[in-house]
Amino acid sequence: MTRLPTGMYQPGYSEIHGVNPAVKIVCFVLLALGVAAANSLPGAVAAVTVTVAVIYLSQLEIAVVFAPILRFWGLGALVLLVNTCFSPYGKAFFEWWIFAPSLSGLLYALGVLLRVVLVILLGAVLVLTTSPINLTYGMERLLSPLGRVGVPVSDIALTLSAAIQFIPALYAEGETLRKAQTARGARFTTRNYLEKARSLMPLAVSVFVGAFRRADELSRSMEARGWACDCADFTPRAKGELTLADCSALLVSAALFALEVIIL
Amino acid sequence: MSKVKKAMITAVCIALCVSFMLLLRVFPGAGAIYSPLLTGVIVCAATCGAGCGALCAAAGVLLSAVINGAPSAAMLPAVLAESVVCALISGLIIARVRLSPYNTLYTALLSGLLIGCAVGGIVQGLLFAPKAPAFWVWAGGYFVSSLPGMIIMLVLVPGLLRALADAGLVPRRELSTKEQINGD
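Because the structure is predicted, anything quoted here is derived from the model rather than measured.

Caption draft 1: Expanded view of the packing of aromatic side chains. Counted under the stated rule, the structure contains 3 aromatic pairs over all chains. Cluster of aromatic residues (ring-pair linked, three or more members): A:Phe208, A:Phe212 and B:Phe20.

Right, dumping it as structure tokens:
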């Protein structure tokens, strides 16, 4: 039987797991902006402290949280190298062709790398402590005020809910088709790009036509039952009151954001 | 096309962004070479319009990052910006420009992919090297690394749209071989 991926979500009962998904998304955005604005040493220390505290409170395994960083090492090394070699600041160690590595360039590169790593870690905590379906509900709730300015929020909510339901079915169907195409000699690993595209075409056509047929059947049956997208009360989900943990998370995130952007 | 059908096609395209990425990740470097996210996004923009395409791009990329871990968090802002811009531009050109069907499609594809890629490169540059001349290295690198994916998109997307039109699943835009035969 095909094993479907369940995403990166790690179930748990920590303080961070319990925070409302919409609040978690807002906190992530505030913290990420705060970290991105950390340009001084005190700012970097504050950003690192908050990130470490968030990881500690999430009670996740360190190896799981840092797994995205391990995948990032190649790109991270490139960030370090490019920023060091192309920095226009400070005295260069040596100059060769267009490369002029300098100490100030290295420090600048380390600063950029630290900010990127911290944002990745915060993002990892967000997706590890929130299931995809809850993240979708969170996004829906955050988008709901836009309904007052004419954004079709109920349509977006319907679309996102349907998309989540479609993923396992389409993956299972696609996996069967991919194996069938591979058995028929499709060469996905050839070095020739046109040949790659040609190999991909039968698989993509089968997957897309099958998926669109599902969409067509579902939309016909919904319309036959009198469904219209304009109904504003599509998702009668419990809104959920903000708890003390939600308010604390918002307060800390806003404080770090203000500290980094306004003070440091 | 009714609103419900547009919503369902967009939902399917979002799901395809995620599941196509899952299907192709068994092949090394598939994310960069095949651009599985862009395939669903462009097909959605071409069939349902720029707005639905942009929604598909944003939701598809975010869900893929959450479920598949690809694109990685470091690449997410650039890929997100590229996909949304590509969807908006392709969708708008297909809806507004009136050339022959394939000319419109290729104009939309080329413009969307090139401008989307440039925007993605700029975001990548701003993220990793906001001040130094290294900005242009990042922006240029992103653009060059996306070129193989663009070639594959130019071959794949017209074929996909034609197959969908032939199956009667999307409105015919004279791309259908059946319609050409009937017209003759």
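Continuing now.
Caption draft 2: Highlighting a nonpolar patch on the surface. Residue and element names in this part refer to chain A. Together, Phe93, Phe94, Trp96, Trp97, Leu103, Leu106, Leu107 and Leu110 make up an exposed nonpolar region whose accessible area comes to about 970 Å². Turning to its location among the elements, Trp96 is positioned in the loop between helix H5 (73–85) and helix H6 (103–129). Using a relative accessible area of 55% as the deciding quantity, one classes Trp96 as exposed.

Caption draft 3: Summary view of the confidence of the model for chain B. Residue and element names in this part refer to chain B. Per-chain confidence: chain B averages 81 in pLDDT, with 86% of residues scoring 70 or above. When mean pLDDT is taken per element in chain B, helix H5 (residues 76–96) scores highest with 90 and helix H8 (residues 177–183) scores lowest with 43. Taken as a whole, residues 176–184 scores under 50 in pLDDT and shows 10 contacts with residues more than four places along the chain or in a different chain. The ipTM assigned to the predicted complex is 0.84, against a pTM of 0.77.

Caption draft 4: Highlighting helix H4 (residues 50–67) of chain B. Residues and elements named next belong to chain B. A rise of 1.5 Å per residue sets the reference length of H4, with its 18 residues, at 26 Å; its end C-alpha atoms lie 25 Å apart and thus fit the reference within 8%. The buried fraction of H4 is high, at 14 of 18 residues. Once H4 finishes, Gly69 follows within two positions and takes phi at roughly 75°, a positive value.

Caption draft 5: Structural view of the interface of chain A and chain B. Taken together, the contact between chain A and chain B spans 65 residues of the former and 62 residues of the latter. For the chain A and chain B pair, buried surface summed over both sides reaches about 5,600 Å², with 84% attributable to carbon and sulfur atoms. One salt bridge in this structure joins A:Asp216 and B:Lys5, with 2.9 Å as the shortest N-O distance. Along the contact surface separating chain A from chain B lie 2 residue pairs in polar contact (both at pLDDT 80 or more). Contributing elements (two or more residues each) for the side of chain A that touches chain B: H5, H6, helix H7 (132–143), helix H8 (153–183) and helix H9 (193–224) of chain A. Sort the elements by how many residues they give to the side of chain A that touches chain B and H9(A) lands first, with 21 residues.

Rules of the game
Residues numbered from 1 in each chain as written. Chains lettered and ligands numbered in written order. Predicted model: local features only at pLDDT ≥ 70, side-chain atom pairs only at ≥ 80, totals over all residues. Heavy atoms only, no water. Phe/Tyr/Trp six-rings, centres within 6.5 Å; stacked < 30°, edge-to-face > 60°. Patch = residues over 30% accessible without salt bridge, like charges linked within 9 Å, V, L, I, M, F, W, Y side chains within 5 Å. Areas by Shrake-Rupley, 256 points an atom, 1.4 Å probe, with all protein chains shown as cover. Salt bridge = Lys/Arg side-chain N within 4 Å of Asp/Glu carboxyl O. Helix = DSSP H or I, 4+ residues; strand = E, 2+ residues; numbered from the N terminus. Buried < 20%, exposed > 50% of the residue type's maximum accessible area, 1.4 Å probe, protein only. pLDDT = per-residue confidence, 0-100. Contact = heavy atoms within 4.5 Å. Expected span 1.5 Å × (residues − 1). Buried area = accessible area lost by both parts, 1.4 Å probe. Polar contact = N/O pair within 3.5 Å; in protein donor to acceptor, adjacent residues only side chain to side chain.

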